[in-house]
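# Residue-level structural notes
The residues making up each chain are set out below.
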Amino acid sequence: MNTKPAFRFFFLGALLCLLCLVLNVSLGSVAIPFKDTLQILSGGETATSSWDYIVLNYRLPKALTALMVGSGLAIAGLLMQTLFRNPLAGPFVLGISSGASLGVALLVLGAGIFGGSIAGLAFKSWGIVAAASVGSFLVLLAVMAVSTRVKDTMAILIIGLMFGSLTAAVVAVMAYFSPAEDLQRYVFWSFGSLGGNSWNSIGILALFFGLGSLLSVANIKALNALLLGPQYAQSIGVHLKRATLWIILATCILAGAITAFAGPIAFVGLAVPHLTRLFLNTSDHRILLPAVGLSGAILMLICDSIAQLPYSELTLPINAVTSLFGAPVVIWLLVRKRKLLF
Amino acid sequence: MRKTLTLLLAVCFLLACKNESSTEQSDRIVKTQQIQNSVTHATGFRLYHYSDYSILEVDNPWPEADRTFRYLLYTQRAMPLQDAAENFDAVITVPVKSLVVTSTTHIPSLEALNAEELLLGFPQTDYVSSPKTRALIDAGKVKELGGTQQLNLELLIDAAPDVVVGFGVDGDNKTLDRVQEAGIPVVYNGDWVEQDPLGKAEWLKFFGALLDKNEQATTAFNKIAEEYSRVKALAQNQSDTPTVLSGAMYKDVWYLPNGQSWAAQFLRDAKADYRYADTQGKGSLSLSIESVLEKSQDAAFWIGPGQFTSLTQMAEANAIYAEFAAFKAGEVYSFTTNKGPTGGVIYYELAPNRPDLVLKDLIRILHPELLPEHELYFFSKLE
Amino acid sequence: MAKQLAIEIEDLSIGYGKGNKAFVVADAITLKLEPASLYGLIGINGSGKSTLIKTLSGALNPLSGEFKLQGEYAHRLTMEARAKMLSVVLTKSPVSLNLSCYELVALGRHPYTNWVGKLTALDKEAIYDALEKTDLTALKDKKCYQLSDGQLQRALLARAIAQDTPIIILDEPTTHLDLHHKFNMLKLMHQLAREGKTVLYATHDLEQALDLCDSILLVKDKRIASYSREKVLTSGVLESLFPKETVRFDAESKRFFLNK
């Protein structure tokens, strides 16, 4: 087993990630010279105090959000693909993001329909995170429950898609009866957004991200064992139910918290594991897990930089950018390699 | 035993006396300074003018806010009140030298107070129709602050206005919270929640307070209020009450104003018979086509049929529209067809500020003989 | 010579479901499997071979009764302890073919490695040993999707060997293989039994089983019975295994013939 290329990858990857971070912080609607950006980042001040604020309190939190979102979703995607032994799995396809959306919809739209003082300001960030996490957990539990009876992983995927449709339908009904303002708010939430979070929120996101990542790392051995399929995994000593539950928990914490803070972000969870596998030519989670996390972070930082449409006052919704640029890349790679390595 | 009891009672008495005197004290201050709320019609905000400062209180700027925002407006820095920052949501030096507003309804208020030049930026400037501000936008003096619905935080902070007049729709105002953290005060404007026609227009005084042009604002408002009352009396003093239908269908549901809404109050003041005048509620009524047909098929006038721009368009959208008497008689009036040079609907921008013009328009439509020289400002008859 | 039994089954009942709705595949199973022996598990399709294997490996719970592995009650063992006693080789499984041959075999060391799966010198030795035995040393760095069917099956056996368990159970390991690969596998299994392991394999290749196995476990009519290699020929059970109109068994040549 070669570890040299892996070390090279991680070293270069970390460097690239740092570069993308600095790039992301330097680009935005307001043209701040690169020199000044570096100065602010290294603790200094510039002549324009609004620039200091923009870089430190808007762009930097946004960049960190992008990093955690990209990394977390990619890891969640990897977990799902290995657990279900299906290359089409991802937090989106299995309905987890839909579950999170449903949780948030119930909170945002439900408060309007059924009334209630759920809308306390301080409660807001915790409330949405909790609602999203609970929503995603419930959907994933449902998918898992079904998967214990249905052995065919393709069938499980379809069931996941059906849960996704179901939650979308419930949201649609709620939206139909909602007042326009609530509806608009929900729709814009669904476009995804990485910016505008306070340092406080970043802290909360970091907590969930750290927890989810830690759980994922703790299950590397089980994930590798699952590459053999559930029966073999059991025969080499993996406690299937326990491992499954922990992996699901890790996925929910990651996907749920991320969807809560950034809205449902498509594509990253599905594609980044494949891109990383193709690039590193390995399925070993000891290398793949951190590699996927790193790749996801880099991808997200680049996509966000593009979404900012630097130097113009317009911005694109992040969801559109990830899919617009990511999908063709995956198609090109698969056509070139002509084989899905999984 | 008795001794301690008497002592206890005495202490209580003394304490009670002390409490009373402090309330008396504040009452005294109020009476001597004769501070009254200078807002007469609007229920969403209150203004108290003291010698060196004013206090602006905004109640529930969005429906579920359940709170009052209090703003301290300094005219001089003579005597800063202690703990001002803790007791108020923002402390602002007035007059402000520059500002950012976030709704087109704010623009006419600025223009009425000759303050449009202080505007630094506006989100989605295309919606602005008022000619003076439009000219400033075209000259690049008013920055575009957001192509999308969300305010572009970077551009806003870079513009560094003295104050941002924002509005909330629900409790989630992430961007405005960040703006406040950046040190730029945010003042919430709740004019869109106000339902009384004159109350909505009175929000002009809100801007008057920020621009330290209180007398101008009061004068301008009084003029509007007088004109409104005059025209209203004209309508009320005659006996004709034509029946009116409103709204249109959107995806199988007919949306129309509820009886307590701003739009419906105009109809009442214009002495129209709006069949849904008794309804209440938040936002529009959503009804089925059948119930609307049953109740209002014979209505003489149709005011505000949604986004349609011609009768043919309406008939094509839904054949059932042609069954209404008002349609057959061609008495359909829309307020969405009058647009500014960049596509902004003038009604949405100016009508809240000029209820007198709205009422005159309606009276001109419903009782043409009362105001023969008035030309329709907001409404157009659909052909 | 009180050799400890590898597997001791006492009045076991196996099947699916629970309580009243349980579907009994086989019951009253009483078997004793010894070390250094090769056992052939035969029976017609659907008779319960896979069910027995799943039950022994722990993938399925028995309906009633108990069995011991290496003298310990199976249901009391932790997953890890059981993994050190019993390894499996299955026919079809969603194995990731993106693993290299080496990585696949290395996963057999799972019960012995630390929390992240790091391989010690001992582990590496066991892996190389397993690759040697299955003649895969030259192919160790190839990806599994590059291996032929026979090579992949050998790799899966190598993985089980690397797991270093006294018991190896195989579920139809030769079913999809060409003849020479089939014989290769049988040779390996025989060799492993000679080296001291208890090798139990389910198969449809009856003639080779009769030739090689120390005992035959026959699954028929919800009963599993054990026959020594001599007894199985004389008892006449093989004659009545298949419908007489179609199949005839000749005990002398130990072969099945089409009844023309």
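Values in this document were obtained by computation on a predicted structure and should not be read as measured data.

Across its full length, chain C holds eight helices and twelve strands. The C-alpha atoms of chain C give a radius of gyration of 19 Å, which matches the 18 Å a tight globule of 260 residues would have. Residues counted as buried form 44% of the 260 residues belonging to chain C. Taking the intrachain contacts of chain C between residues at least 6 apart in sequence as the baseline, contacts between residues at least 24 apart amount to 68%.

Taken residue by residue, chain C gives an average pLDDT of 91. The fraction at 70 or more is 99%. Reported confidences for the modelled complex are a pTM of 0.82 and an ipTM of 0.92.

The next thing to look at is helix 1 (residues 4-26) of chain A. The first and last C-alpha atoms of helix 1 of chain A sit 33 Å apart over 23 residues, in line with the 33 Å expected at 1.5 Å per residue. Of the surrounding elements, those touching the buried residues of helix 1 of chain A are helix 2 (34-41), helix 3 (49-83) and helix 13 (285-307) of chain A.

So, on to the interface of chain A and chain C. On the chain C side, the residues contacting the 22 residues of chain A number 25 residues. Elements that contribute at least two residues to the side of chain A that touches chain C include exactly helix 9 (220-226) and helix 10 (230-235) of chain A. Class assignment for the residues of the side of chain A that touches chain C results in ten nonpolar, eight polar and four charged.

Turning our attention to the confidence of the model for chain A. All names here are of chain A. Scored by pLDDT, chain A comes out at a mean of 83, with 89% of its residues at no less than 70. Here helix 7 (residues 180-190) stands out as the least confident element of chain A, with mean pLDDT 72; helix 9 is the most confident, with 96. Confidence over residues 116-123 falls short of pLDDT 50; this stretch has nine contacts with residues more than four positions distant or in other chains.

Remember that side chains alternate between the two faces of the sheet whenever the strand is regular. All names here are of chain B. Summarising the sheet, strand 5 (residues 99-101) and strand 6 (residues 119-122) pair through two bridges and their orientation is parallel. Bridging from a neighbouring strand, valine 100 pairs with glycine 121 of strand 6. Regarding the hand of the β-α-β motif, the stretch spanning strand 5, helix 3 (residues 106-112) and strand 6 is right-handed. For the handedness criterion, the β-α-β arrangement of strand 6, helix 4 (residues 131-138) and strand 7 (residues 143-144) is classed as right-handed.

The rules behind the values
Residues numbered from 1 in each chain as written. Chains lettered and ligands numbered in written order. Predicted model: local features only at pLDDT ≥ 70, side-chain atom pairs only at ≥ 80, totals over all residues. Helix = DSSP H or I, 4+ residues; strand = E, 2+ residues; numbered from the N terminus. Rg over C-alpha atoms; globule rule 2.2 N^0.38 Å. Buried ≥ 20, exposed ≤ 12 C-beta atoms within 10 Å, placed from the backbone. Contact = placed C-beta atoms within 7 Å. pLDDT = per-residue confidence, 0-100. Expected span 1.5 Å × (residues − 1). Nonpolar A, V, L, I, M, F, W, Y, C, P; charged D, E, K, R; others polar. Pairing = 2+ DSSP bridges. Right-handed = clockwise from strand over helix to strand, strands pointing away.

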